[in-house]
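# Summary of structural features
For reference, the chains in residue letters:
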Amino acid sequence: MTLLFESLFNGVAIGSVLLMAALGLAVVFGLMGVINLAHGELIMLGAYTTYVVQNIFKLEALKPCFGAYIFVAVLVAFMVSAIAGLVLERSVIRRLYGRPLATLLATWGVSLILQQFVRTTPMAYASGLWMTLLLGLLMPVLLPQRIRARFRALHLRVAGWALALAGGIGTAAWLSGISRLSRASARNVDVTAPKWMRGGIELGSLNVPVPRLFIICLTVVAVIAIYWFLNRSVWGIRIRAVTQNREISDCLGIPTQTVDALTFGIGSGLAGVAGVAVSLLGSVGPNVGGDYIVGSFMVVVLGGVGKLVGTVVASFGIGLLTDVIGAGRLLEVWPSMPPTCAAVVEFFATTSMAKVLIFALIVAFLQLRPAGLFPRKGRMVEA
Amino acid sequence: MHGNAPIDGSAPLLELDGVSVDFDGFLALDDLSLCLASGELRAVIGPNGAGKTTFLDVITGKLLPSSGDVRFKGRSLLGQQEHHIARLGVGRKFQSPRVFENLSLRQNLTLAASVKTPLALLFGSLGRSERDRVEHLLGVIDLADRPHLLAGELSHGQKQWLEIAMLVAQDPDLLLVDEPVAGLTDGETERTADLLRELAGDHTVLVIDHDMEFIRRLDAPVTVLHEGHVLCEGTMDQVQCDPAVTEVYLGRADETP
Amino acid sequence: MDSHKPEGIRLLGRVLPWLLIVVLAIAAPYALPSFRLNLLGRFLSLGVVALGVDLIWGFTGLLSLGQGIFFALGGYGAAMHLQLTCATCSRSAGGIPEFFGLYGVKQLPFFWWPFHSPWFTLVAIWFIPGLVAGLLGYLVFRNRIRGVYFSILTQAALLVFYNFFNGQQKLINGTNGLKTDVTRLFGQMVGSDIMQRNFFWLTVLCVVVAWWICRNLVRGRFGDALVAIRDDEARLRFTGFNPTALKTIVFAVAGALAGVGGALYTVQSGIVSPQFMSVPFSIEMVIWVAVGGRATLLGAIFGALGINYAKSLVSEALPYLWLFIQGGLFIVVVTALPDGLVGWWKKGGVPRLLARFRGAPRLATYPALELEGPDKPRITLKGDQQ
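Please read all numbers here as calculations on a predicted model, not as lab measurements. (Residues numbered from 1 in each chain as written. Chains lettered and ligands numbered in written order. Predicted model: local features only at pLDDT ≥ 70, side-chain atom pairs only at ≥ 80, totals over all residues. Heavy atoms only, no water.)

### Concerning the sheet that holds strand 5 (residues 75-76) of chain B
All names here are of chain B. Put simply, the rule reads: The criterion for strand pairing is that DSSP finds at least two bridges linking the strands in question. Labels follow the DSSP assignment, with helices taken as runs of H or I lasting at least four residues and strands as runs of E lasting at least two, numbered in each case from the N terminus.
Pairing within the open sheet is antiparallel, and its four strands lie in the order 2-1-4-5. Each edge of the open sheet carries a strand with a single partner, namely strand 2 (26-36) and strand 5. As judged from the two bridges shared by strand 4 (residues 67-72) and strand 5, these two strands associate in the antiparallel manner. Bridge pairing in strand 5 links Arg71 to Ser76.

### Looking at the packing of helix 2 (residues 34-59) of chain C against helix 11 (residues 279-292) of chain C
All names here are of chain C. Here is the rule we go by: Each axis is a line fitted through C-alpha atoms, taken for helices only over the stretch in contact, and angles between the N-to-C directions span 0 to 180 degrees. Orientation categories follow fixed angle ranges, with anything under 35 degrees roughly parallel, anything over 145 roughly antiparallel, 65 to 115 roughly perpendicular, and all other angles oblique. Whether two residues are in contact is decided by their heavy atoms, any of which lying within 4.5 Å being enough. Put simply, Ala, Val, Leu, Ile, Met, Phe, Trp, Tyr, Cys and Pro go in the nonpolar bin, Asp, Glu, Lys and Arg in the charged bin, and everything else, Gly too, in the polar bin.
Where helix 2 meets helix 11, the closest approach of the two axes is 9 Å, and the angle between their N-to-C directions is 80 degrees. The orientation of helix 2 with respect to helix 11, classified from their angle, is roughly perpendicular. For the pair formed by helix 2 and helix 11, the contact residues are Leu46, Val49, Ala50, Val53, Asp54 and Trp57 on the first element and Phe281, Met285, Val286, Trp288, Val289 and Ala290 on the second. Broken down by class, the residue content of the contact of helix 2 with helix 11 amounts to eleven nonpolar, no polar and one charged.

### Side note on the pairing of strand 1 (residues 14-23) of chain B
Residue and element names in this part refer to chain B. Inclusion rule: Accessible area is worked out with a 1.4 Å probe on protein chains only. A residue is then buried under 20% of its type maximum, exposed over 50%, and partly exposed in between.
Counting buried residues in strand 1 gives eight out of ten residues, a clear majority hidden from the surface. Sheet topology note: the strand 1/strand 2 ladder contains seven bridges and is antiparallel. Note that in strand 2 the partner of Val19 across the bridge is Leu32. The pairing of strand 1 with strand 4 spans five bridges and is antiparallel. Bridge pairing in strand 4 links Glu15 to Arg71.

### Quick notes on the packing of helix 1 (residues 7-31) of chain C against helix 8 (residues 193-219) of chain C
Residues and elements named next belong to chain C. Definition in use: Less than a right angle of anticlockwise turn of the near helix away from the far helix marks a crossing as left-handed, whereas a clockwise turn marks it as right-handed.
Taken N-terminus to C-terminus, the directions of helix 1 and helix 8 make an angle of 160 degrees; their axes are 9 Å apart at the nearest point. What the angle tells us is that helix 1 and helix 8 run roughly antiparallel. Note that helix 1 runs across helix 8; the crossing there is right-handed. Two secondary-structure elements touch here, helix 1 through Trp18, Ala25, Ile26, Ala28, Pro29 and Tyr30 and helix 8 through Arg197, Phe200, Trp201, Val204, Val208 and Trp211. By residue class, the composition of the contact of helix 1 with helix 8 is eleven nonpolar, no polar and one charged.

### Here we look at the interface of chain A and chain C
For interface size, the figure often reported is the accessible area lost on association. Convention followed: Summed over both partners, the accessible surface that disappears when two parts come together, traced with a 1.4 Å probe, is what is meant by buried area. In the sections that follow, a salt bridge refers to a side-chain nitrogen of Lys or Arg positioned within 4 Å of a carboxyl oxygen of Asp or Glu.
In this assembly, 38 residues from chain A lie in contact with 40 residues from chain C. Around 3500 Å² of area is buried between chain A and chain C when both sides are counted, 79% of it from carbon and sulfur atoms. Contact with chain C buries area across many residues of chain A, yet Leu105(A), Trp108(A) and Gln367(A) alone supply 18% of it, more than any other trio. At the boundary of chain A with chain C, the tally comes to zero salt bridges. Among the elements of the structure, helix 4 (100-120), helix 13 (290-303) and helix 17 (351-368) of chain A are those that each provide at least two residues to the side of chain A that touches chain C. The element contributing the most residues to the side of chain A that touches chain C is helix 4 of chain A, with 15 residues. Looking at the side of chain A that touches chain C residue by residue, the classes come out as 28 nonpolar, five polar and five charged.

No statement about biological role is implied by the geometric values presented.
Next comes the structure, spelled out in structure tokens:
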């Protein structure tokens, strides 16, 4: 019984990280059909953001509320990755709609650049750059109507970006005061969880680590939020309209370009939130995204494209299987199995070999159900 | 069975027997039965959503019907792969023209005329008759003087014709032609009708279209589809006088083609 | 085609490039320092791999991100043979390669046995990768998994192989890989300058043969069918072709080419390791072809040479810069130069560029009328038509 519970919990924990990472992908790939190989790097940005926010909260003035930094980090990470995603969509991806393989290659290029950027740029400067982008993009909204009416558009834009740049430089200068953020380093960094998050909670006979619990809660909230957003909010309905028929949506007056940017921004933002989760599980490095990207693609393919339910079920399914195979659970349940079987179970009872077997299972499954767990039906399916 | 038996008593080339297709509760085809005799030319018309394209999908193996049977030359086509059905002698032209845009005209036609196995493609050479057929067809579509033009550079009408020519190059027994004259000029439409009439006899031809003038020019028996089943059959004049057809086309004001 | 030219000039035009290649290939080992020669040889073996990538991606439109699997399989095949036949290497108990001893393995794993034979190895370095590619391809294509799904699945497969090879110390020495440079072949050490020169020539020969094979594949109707798959696979199916068979064949050929390239690369770099199957390396292969020009065979070879040469130059001078450049290349090639350099050249990119500098008005005619003009919007796919 304990074993079942433990296995279940581990599976759900692994699955929720997968789900968190795949959620943004499900939005971007499932709804827009855009393969974003830089998704992993957006996760990485989120993880690094957590590190930066944590260091800011170590300053004297903020020390008393250090315990709450993780919540701030979730918000900031969402915004950091969302803005990175927006810039990516505006500059590269929008030129490549309808050419999925080209998008795939271009986003790979972006991911290389982002990785190298993180290796070579001090986090303080990176934060400054981000602050510039944030202020610059928000400037038209932030400025009072009065001022906007007085100036010509070009002047206003130049002035706005100048102001944003100043803000960015200020941020960079301020953060340079924190020694850990002032130097570039290709080495991994570690995020320390706040005090309330360390240790575990006794649940029956099981000791549940709090960070895992936190990630599960975060995932649940994110899934509910994205479900609500896509199905209930006005913009969510617009997004779904555009993904189903772009031309007609355009004719109906839906601003499709804004919808594209928004969808991509949200998908990217979710990657940022996933980054917070990832940073709680291990050390954070420039390559951290790569560990998750293929897994999350598998989730989306297995779940069936364009279905949130599929993504959820596939994540937890893969999570459970990973635990069952990777920890050799069968051997624990049935210690007296024949030696040949036991050898096979042991052979696969490592994290990497579990991945091997799970991939094989996924390919086998796709032989039976090529469109995944929850396929679309009807005339929309192009053979 | 309400599919009309062939007049001369020979076995029909194509038989659809009570075919239904169910898209999640929506019956795209509803107990459809139809017979085509060898060498026949048949026109199929019907309002939007009558199931015309679905009907071709079922014959060519793109869709598996939820019930019923499709027989070609007496054998069932159900569960066969698309390329097998094509090799048996069923050729299809798609609604919007689909040609291989990065290949030249001659390459397009040659590919259609070739033996279809990979080994034959690699090591075999094109037979005399196939080569002649390709050259002849280039003439038929009026592009004999520039066979090296890429198909992607053709105009819409030229693509339509190229696709019909590819269909002929394939030399199937049954030609399924989906909206061959959409986007063609009147002159081109007439010539297309003549071409299809010429093909009938040696081949069996089934034409789907919306253009009534074109259908009339085909001078062939007409089958009217409506909501997935056969509404009526007869000559163009008979069909046009049929009150049921008028109602389907005109009765519901917002559904006129 | 060139009937207006005199017979002699035509012959010369046909023979001259080959003469040039032969002369350069013979001269290179004497003109270049051994380090550079070794690099050139390695890059040429990557050219063989690039030819395979071009076949499947450039012509057929299948973007495989898993070519590293086949590359590494070829490399491991060669390395296993060299490990087994190494007379001077230290051995662990039982006369098996030393690393086995470190993990307490007493007996040679069964799949090592056939690699004692040089003939088996010569066949295995292309046959096994080709077979694996064919099987994997068949399973995927059979279900009509296409486009980005195919790319994702090949990448996942790559990761699986990578994990497997990394984790299996007892079978193939895990992360450490297999070394090849101290084995003697024909009395010479594999890592020696003389042997490396021979390998260089062998590589040149392989590139030429591989190019010839690919050229024959893409020239006739088979090549047309591949392009047709790229254009409209479903249409091809309704014409009576079986795209699954065609794609499986071409994917297997590409896998075999990658295997040969991997074996050649291994003997020239002196080691094979699971890093051959790292995710970035396999995607890098695509950029060689993309820069050189997809659907042009020479473009693929020169792309592989050029990019890798640039990489080694930049990495020597400014190591941190290369990834930025590579990332930028991906973006620029995809958005601005979709046909690559050779494609750009063939479509009259140079005159167009010059015309733009001179400010000449650009032609704006209906493309179908502009038969020979520079503004042809479609790519010419008959790669190597002279």
